[in-house]
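Spelled out from the first residue to the last, the chains are:
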Amino acid sequence: MANSLKEHVDTSSKGADAFVGIYYQLFDTQRPVLNRVYRDTSAILWNGNAFNGIGPFSEFYNKLSSSEHTVNAYDCHPLPTSTAPGTPGSMILNVSGTVKYSNESSARHFSQSFILSPDPTNGSFYVWSDCFRFV
């Protein structure tokens, strides 16, 4: 059991490392393709604004000024799963950092929490739930 849990934690950590690197790079430099990490069923809360699915959220974030995120820290842990060790299951990912929008004079601190689920079609993760908040 302990080895199984360690394997799930290791698999989640590798997935989180990859996701954080890709997500904020896409947000800052290729925002129109960011929708690939969401689904029509994704639950999204952005600084108090709720969005059902990627369509409405995509319209919103594509209107934001250009941005530059700096990730200060992130942590993840796997959610209980029945998948085999070494097979990705869902995870919670918490990220904190700063973001500077081009229309603002200074960077703002943020906290963002994701629930990531494995995408069986391509072996990556997609955003099942996203909660972003300026702090």
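We now turn to the structure provided with this report. (Residues numbered from 1 in each chain as written. Predicted model: local features only at pLDDT ≥ 70, side-chain atom pairs only at ≥ 80, totals over all residues. Heavy atoms only, no water.)

Right, let's talk about the state of the cysteines for a bit. One pass over the structure, following the stated rule, counts zero disulfides. Cys76 takes part in no disulfide bond, and the closest cysteine sulfur to it belongs to Cys131, at a distance of 18 Å. (Disulfide = S-S within 2.5 Å.)

This part is about the packing of aromatic side chains. In this description, a pair of aromatic rings is defined by centroid distance and the angle of the planes. Here the structure, examined in full by the defined rule, presents 18 aromatic pairs. Seen in terms of ring centroids, Tyr23 and Phe27 are 6.3 Å apart; in terms of plane orientation they differ by 40°. Their pairing is tilted. With Tyr23 and Phe27 both in helix 1 (residues 2–29) and four residues apart, the pair spans about one turn of that helix. When sorted by exposure, Tyr23 lands in the same class as Phe27, which is buried. One cation-aromatic arrangement involves Arg108 over Phe134; the distance from NZ or CZ to the ring centre is 3.7 Å. (Phe/Tyr/Trp six-rings, centres within 6.5 Å; stacked < 30°, edge-to-face > 60°. Helix = DSSP H or I, 4+ residues; strand = E, 2+ residues; numbered from the N terminus. Buried < 20%, exposed > 50% of the residue type's maximum accessible area, 1.4 Å probe, protein only. Lys NZ or Arg CZ within 6 Å of the ring centre and 35° of its normal.)

This part takes up helix 2 (residues 54–61). Within helix 2, the full set of buried residues consists of Ile54, Phe57, Ser58 and Tyr61. The buried residues of helix 2 occupy an angular sector of 105° when the element is viewed end-on, so they sit on one face. (Arc of directions from axis to C-beta.)

For Asn47, which is not a glycine, the phi torsion comes out positive at approximately 50°. Positionally, Asn47 belongs in the loop between strand 1 (38–46) and strand 2 (49–52).

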